[in-house]
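Overview (structure and organization)
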There are 2 protein chains.
Amino acid sequence: MPELKLRILFDDAMLGPGKAELLTRIAETGSISAAGRAMGMSYKRAWSLVEELNASFAAPLVSSSRGGAGGGGADLTDAGQTVLALYRRVVEKARVAATAEIAALEAMRKPTG
Amino acid sequence: MPELKLRILFDDAMLGPGKAELLTRIAETGSISAAGRAMGMSYKRAWSLVEELNASFAAPLVSSSRGGAGGGGADLTDAGQTVLALYRRVVEKARVAATAEIAALEAMRKPTG
DNA sequence: GCGGGTTATGTCCCTTGGGAAATATCGCTT
DNA sequence: AAGCGATATTTCCCAAGGGACATAACCCGC
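Residues numbered from 1 in each chain as written. Chains lettered and ligands numbered in written order. Predicted model: local features only at pLDDT ≥ 70, side-chain atom pairs only at ≥ 80, totals over all residues. Heavy atoms only, no water.

With that out of the way, let us pick up the protein's contact with DNA strand C. Taken together, 23 residues lie near DNA strand C, and Ser42(A), Lys44(A), Ile32(B), Tyr43(B) and Ser64(B) sit nearest. Close to the protein, within 4 Å, the atoms of DNA strand C belong to sugar or phosphate groups at a rate of 66%. At 2.7 Å, a side-chain N or O of Lys44(A) approaches a base oxygen of DNA strand C. Within the side chain of Tyr43(B), one N or O atom sits 3.5 Å away from a base nitrogen of DNA strand C. Elements with a minimum of two residues in the surface near DNA strand C: helix H3 (43-56) of chain A together with helix H2 (32-38), helix H3 (43-56), strand E3 (62-66) and strand E4 (72-76) of chain B. (Near = heavy atom within 4 Å. Polar contact = N/O pair within 3.5 Å; in protein donor to acceptor, adjacent residues only side chain to side chain. Helix = DSSP H or I, 4+ residues; strand = E, 2+ residues; numbered from the N terminus.)

Residue and element names in this part refer to chain A. Here strand E3 (residues 62-66) runs beside strand E4 (residues 72-76); their pairing, made up of five bridges, is antiparallel. Residue pairing in the sheet places Arg66 in a bridge with Gly72 of E4. Hairpin connection, E3 to E4: the antiparallel pair is bridged by five residues, and Gly67 has positive phi, about 70°. (Pairing = 2+ DSSP bridges.)

Our next topic: the environment of Leu49(B). Residue and element names in this part refer to chain B. Topologically, Leu49 is positioned in helix H3. Overall, the relative accessible area of 8% leaves Leu49 in the buried class. Sequence spacing of Leu49 and Leu23 is 26 residues, and the spatial spacing of their C-alpha atoms is 9.7 Å. Apart from the residues within four sequence positions on either side, Leu49 is in contact with Lys19, Leu22 and Met41. (Buried < 20%, exposed > 50% of the residue type's maximum accessible area, 1.4 Å probe, protein only. Contact = heavy atoms within 4.5 Å.)

Written out as structure tokens, the structure reads:
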């Protein structure tokens, strides 16, 4: 079954599968670096994506702290949880709505890829 | 209003906005090079995308001919027209299904981007 | 047969996005 | 006070993708 990747283009920023998964991993791990590692991306890239996200929305989606117990950490703000939930709902609704067409496209593909 | 970009990932190929627009332009202009020019891309890139498309599906989506009146040309096969129509329907259905969530996300964005 | 315009294909080069690594900073913990 | 672990930030470097360019093949009209 083909996968559906979905990207929302705002005026000057965008939200897609990469940032959504990063938010998910941050929520899971409580750390930007751990989230990046889990996705096989460098800390620099993970951090720059977080920076973009925080700059794009009225309220930051990720809050992070240096020092302290464990050296620091990061987690999703309420806004971050809301955005992630909304994005997931967009993907799911799109997937359901387009099931028939996607199946039709899959049926037209070359059998042995 | 944010734009929704949608990409379908098959096992080894993918179909997204770029290839869809290219197919549209080929249908309009009857030429791969003219379609590429209209999109601001080099002929080489346009041609390579067409090659990928033709290789991905059981039947070629674009038929092309060299020489002849006007030097040659290209147009969509029946399969090409079908694939393009299906893709457009996917995008439209997804857009409609996710309208509410997209509006909610837009409302959370930073005002002055 | 020659020229024109397009498809088809290869080569070279340059930009750029991202990785790797080094460094600074911070605040608990001990 | 020293150490630790994570965030924050910079610099350097490189491989891959795409553009520009060149060339060949092709076929109709003149």
